[in-house]
Amino acid sequence: MKSQKFWAWLVFALGAAYFIIPLAATFEFSLRMRRGEYSFDAYASVFSDPQFAASFTYSVIVGLFTIVVGILVVVPAVYFVRLRMPWLRPFMEFVTLLPLVIPALVLVYGYIRLYGSSSLIPFTGSVFGTNILLTCAYVTLAMPYMYRAVDNGMRTIDIGTLTEAAQIMGANQLQIIGKIILPNILVAILSGAFLTFAIVIGEFTIASLLNRPAFGPYLVGIGTNRAYEPAALAIISFIITWGAMGMINVLGRFAPRTSARTD
Amino acid sequence: MPAFLEVQNLVKSFGSNTVVKGVNFAFDKGEFISLLGPSGCGKTTILRMIAGFERPTSGAIRVDGDDITHLKPNQRKLGMVFQAYALFPNMTVGENIAFGLKIAGMPADQRRARVDEMLKLIGLPGFEKRYPYEMSGGQQQRVALARAIAPKPRLLLLDEPLSALDAKIRVSLREEIRAIQRDLGITTVFVTHDQEEAMSISDRIVVMNAGNIEQLGAAHDIYNRPATRFVATFVGQLNTLPAGLLPGATGERAIRPELISLAPRPETDLTLTGTIADLHFLGSVQRLRVDVGGTLLNIDTFNNQTKPLQRGDTVTLHLAQKDLLTLGA
């Protein structure tokens, strides 16, 4: 019994060390900008760089659009597949996993070929078009997470009967999705949204190849040119990502209990 | 007076499987109708076609003279209560009841008044701020009923609304549903597989089997004059007396357990002798199984304090010729 506990703790400690030691080392290094003493100079330098604020703001805005577009695409799709075409679900599962299998590099080269300035739909011909293309790419990248979150959310409610109950009282399809389905899977959607946000904030490949001033390329640029700032930035983006993850947990706890009692 | 709810030659097939095979019925305004039958008999499919959730393969459905066969569910102005309550979990009780009114565009102050009125009607005044998960199954189902009738639907559809509840609440809620229905005079179609439930609550019952109507009538008629063998055996308990058991009977006969007694009555004109094979004391009623020449008969007698019966006792059974049923096909 006691030795079992010892081994369990040992495995846990090894696992934790694997994550914590590099993080602690990075943090320690980020504090050593001033010679001979610890300081937050690296952080001050990061925050005073106007490019930091600009690229971060850009990524946050793209992230928000990605979330909105993702919800608009995924929620009705999952709803109608579950309600009307349940036989399509295995296919949906497969399709939504593709972004995890296909490298982002392949995706973005495909985009550039298809939507390049000499193509029929020259998205990359203008800054605005490229922003749209970037958002669409992020919606695709986040699809596996958004789809699973929304699908799990819908599993917990009886969408068939709730839909019929609303229909018989005169509600149309739009009212049903907006007033019944969406509010009942809000927590699931939020967890999908924060995952999406975390992905968009750190994404490098697509933003870089589409030449957009996003946070990912900025991180990489700093990393190649400076010594202490990249460590500080790594810690900052860790905090942002963890904050997003933490929000999922917090919201899950504070969400109203929506599951119906059946006794 | 033309019928209020009329179903004509209604057929529903799923692929090659025909679950409703040309059903016809017509009911008056304010009637409480039960569709009764075993699972898979097509009763729920008929209700879902009336609601508009299933499209009939052929046939017509008319409510108050309007042909609603091809209308969408949200155009039919009907109310429905589901087995699984189906309250909107994100809304309070008040918001649930007001949902249909809001969709119909009723102003907020009128909505509030109507919600209060409904909550009083179902005996849950002051519950409007509660969420469905904070309530018991019986309370949730009453809210579902209030939600269904709040917009004053032309027809109330009840899809086995009591099946998920426990026995005690089932009985009290069905009485409550019936009282409310009578008060409002709302034409109601109730689907159930429970014959006791159907008989206790309905003006008329449609007994269904394998997609066809076996018999349509008041509970009293269906129980006492079953039209088919299926109705006789599905509704209530029945003893089958093989040919030869009764003197002078040419074929098989059947009789209800409560029409056989251990003492002669003015109308009894037949007797049988048997031994008690088993007995169950149910309080006010005593249920006996009596072996008559190898045939086991169920007999219900009222509790009798004078002499307790024992297994193995020989008893004389008294029955009346007029109570015997001849079962058709």
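**Considerations on the overall build of chain B**
(1) Moving on: Helix and strand counts for chain B come out as 8 helices and 16 strands.
(2) Moving on: By its C-alpha atoms, chain B is 75 × 45 × 35 Å across when sized along the principal axes.
(3) Moving on: With 329 residues in all, chain B has 51% of them scored as buried.
(4) Moving on: Relative to all contacts within chain B whose residues are 6 or more apart in sequence, the contacts with residues 24 or more apart total 65%.
(5) Moving on: Accessible surface, chain B: about 14800 Å² in total, of which carbon and sulfur atoms supply 49%.
(6) Moving on: On chain B, the mean spot of the 37 positive side-chain charges and the mean spot of the 34 negative ones are 5 Å from each other.

**Things to note about the confidence of the model for chain A**
Residue and element names in this part refer to chain A.
(1) Moving on: For chain A, the mean per-residue pLDDT works out to 87, and 95% of the residues sit at or above 70.
(2) Moving on: Ranking the helices and strands of chain A by mean pLDDT puts helix H7 (residues 159–168) first, with 93, and helix H12 (residues 229–254) last, with 81.
(3) Moving on: The model gives residues 259–263 a pLDDT under 50, and that stretch makes 11 contacts with residues more than four places away or in other chains.

**What to know about the environment of A:Tyr43**
All names here are of chain A.
(1) Moving on: Tracing the sequence through the fold places Tyr43 in helix H2 (residues 41–48).
(2) Moving on: The exposure class of Tyr43 is buried, given its relative accessible area of 9%.
(3) Moving on: Sequence separation between Tyr43 and Tyr79 is 36 residues; the distance between their C-alpha atoms is 45 Å.
(4) Moving on: Discounting chain neighbours no more than four positions away, the residues touching Tyr43 are Phe27, Ser30, Leu31, Ala232, Ile235 and Ile236.
(5) Moving on: Among the polar contacts made by the side chain of Tyr43, one reaches the side chain of Ser30 at a distance of 2.9 Å.

**Some points on the sheet that holds strand E6 (residues 78–81) of chain B**
Residue and element names in this part refer to chain B.
(1) Moving on: The 6 strands lie next to each other as E6-E7-E8-E3-E9-E10, forming an open sheet whose pairing is mixed. Edge positions in the sheet fall to E6 and strand E10 (212–217), since each has one partner strand and no second. Neighbour to neighbour, the strand axes of the sheet diverge by 20° on average, direction disregarded.
(2) Moving on: Pairing of strand E9 (residues 204–209) with E10, which is carried by 5 bridges, proceeds in the antiparallel orientation.

**Remarks on the interface of chain B and chain A**
(1) Moving on: Counting from both sides, the interface comprises 25 residues of chain B and, opposite them, 22 residues of chain A.
(2) Moving on: Buried area between chain B and chain A, summed over both chains or domains, comes out near 2300 Å², and the portion from carbon and sulfur atoms is 64%.
(3) Moving on: Our count for the chain B to chain A interface comes out at 1 salt bridge.
(4) Moving on: Where B:Arg48 meets A:Glu164, a salt bridge forms, and the shortest distance between an N and an O atom there is 2.6 Å.
(5) Moving on: Seen at the junction of chain B and chain A, the total is 5 residue pairs in polar contact (both at pLDDT 80 or more).
(6) Moving on: At the level of elements, helix H1 (43–51), E6, helix H2 (93–103) and helix H4 (137–149) of chain B are the ones that each hand at least two residues to the side of chain B that touches chain A.

**What to know about the pairing of strand E7 (residues 155–159) of chain B**
Residue and element names in this part refer to chain B.
(1) Moving on: Of all 5 residues in E7, 5 are buried, a share of seventy percent or more.
(2) Moving on: Residues Leu155, Leu157 and Asp159 of E7 are buried on one face, and the alternating residues Leu156 and Leu158, pointing to the opposite face, are buried as well.
(3) Moving on: Here E6 runs beside E7; their pairing, made up of 4 bridges, is parallel. Across the sheet, the residue bridging to Val81 is Leu158, located in E7.
(4) Moving on: Bridge count between E7 and strand E8 (residues 188–192): 4 bridges; the pairing is parallel.

**Observations regarding the sheet that holds strand E13 (residues 270–281) of chain B**
All names here are of chain B.
(1) Moving on: Read from one edge of the open sheet, 4 strands run E15-E14-E13-E16, paired in antiparallel fashion. Looking at the sheet topology across the chains shown, the edges are occupied by strand E15 (295–302) and strand E16 (314–319). In this sheet, neighbouring strand axes are inclined to one another by 50° on average, regardless of whether the strands run parallel or antiparallel.
(2) Moving on: Strand direction decides the pairing type here: E13 and strand E14 (residues 285–292), joined by 6 bridges, are antiparallel. Bridging from a neighbouring strand, His280 pairs with Arg287 of E14.

**Examining unusual backbone geometry**
Residues and elements named next belong to chain B.
(1) Moving on: Even without a glycine there, the phi angle at Lys77 is positive, about 60°.
(2) Moving on: Inspection of the secondary structure assignment puts Lys77 in the loop between strand E5 (66–67) and E6.
(3) Moving on: Residue Tyr85 is not a glycine yet carries a positive backbone phi of 65°.
(4) Moving on: Along the polypeptide, Tyr85 turns up in the loop between E6 and H2.
(5) Moving on: Residue Tyr85 is classed as buried on the basis of its relative accessible area of 3%.

**Concerning the environment of B:Glu31**
Residues and elements named next belong to chain B.
(1) Moving on: Note that Glu31 resides in the loop between strand E2 (17–27) and strand E3 (32–36).
(2) Moving on: Among the residues examined, Glu31 registers a relative accessible area of 10% and is labelled buried.
(3) Moving on: Residues Glu31 and Ser58 lie 27 residues apart in sequence; the distance between their C-alpha atoms is 25 Å.
(4) Moving on: Sequence-distant contacts of Glu31, that is, excluding residues within four places in its chain, are made with Gln181, Ile186, Thr187, Thr188, Asp203 and Arg204.
(5) Moving on: At a separation of 2.8 Å, a polar atom in the side chain of Glu31 contacts the main-chain amide nitrogen of Asp28.

**Quick look at the packing of helix H3 (residues 50–83) of chain A against helix H6 (residues 127–155) of chain A**
All names here are of chain A.
(1) Moving on: Orientation of H3 relative to H6, taken along the N-to-C sense of each, is 45°, at an axis distance of 7 Å. As summarised for this structure, H3 and H6 are arranged oblique, according to the angle between their axes. For the crossing formed where H3 meets H6, the hand is right-handed.
(2) Moving on: Across the contact of H3 with H6, the residue classes tally to 19 nonpolar, 4 polar and 3 charged.

**Examining the pattern of salt bridges**
Where charged atoms of side chains with opposite charge meet at close range, the side chains can pair.
(1) Moving on: One pass over the structure, following the stated rule, counts 24 salt bridges over all chains.
(2) Moving on: Residue B:Lys43 pairs with B:Glu160 through a salt bridge whose shortest N-O separation is 3.9 Å. Here B:Lys43, found in helix H1, pairs with B:Glu160, found in the loop between E7 and helix H5 (167–184); they are 117 residues apart in sequence, far enough to count as distant. Here B:Lys43 matches B:Glu160 in class, with each residue buried.
(3) Moving on: Here the salt bridges share partners, and the residues they tie into one network are A:Arg82, A:Arg89, A:Glu93, A:Arg148, A:Asp151 and A:Arg155.

Thresholds, definitions, all that
- Residues numbered from 1 in each chain as written.
- Chains lettered and ligands numbered in written order.
- Predicted model: local features only at pLDDT ≥ 70, side-chain atom pairs only at ≥ 80, totals over all residues.
- Heavy atoms only, no water.
- Helix = DSSP H or I, 4+ residues; strand = E, 2+ residues; numbered from the N terminus.
- Buried < 20%, exposed > 50% of the residue type's maximum accessible area, 1.4 Å probe, protein only.
- Contact = heavy atoms within 4.5 Å.
- Areas by Shrake-Rupley, 256 points an atom, 1.4 Å probe, with all protein chains shown as cover.
- Lys, Arg positive; Asp, Glu negative; His and termini not counted.
- Charge placed at Lys NZ, Arg CZ, Asp CG, Glu CD.
- pLDDT = per-residue confidence, 0-100.
- Polar contact = N/O pair within 3.5 Å; in protein donor to acceptor, adjacent residues only side chain to side chain.
- Pairing = 2+ DSSP bridges.
- Axes fitted to C-alpha atoms, helices over the stretch in contact; angles between N-to-C directions.
- Buried area = accessible area lost by both parts, 1.4 Å probe.
- Salt bridge = Lys/Arg side-chain N within 4 Å of Asp/Glu carboxyl O.
- Parallel < 35°, antiparallel > 145°, perpendicular 65-115°, else oblique.
- Left-handed = near helix turned anticlockwise from the far one by under 90°.
- Nonpolar A, V, L, I, M, F, W, Y, C, P; charged D, E, K, R; others polar.

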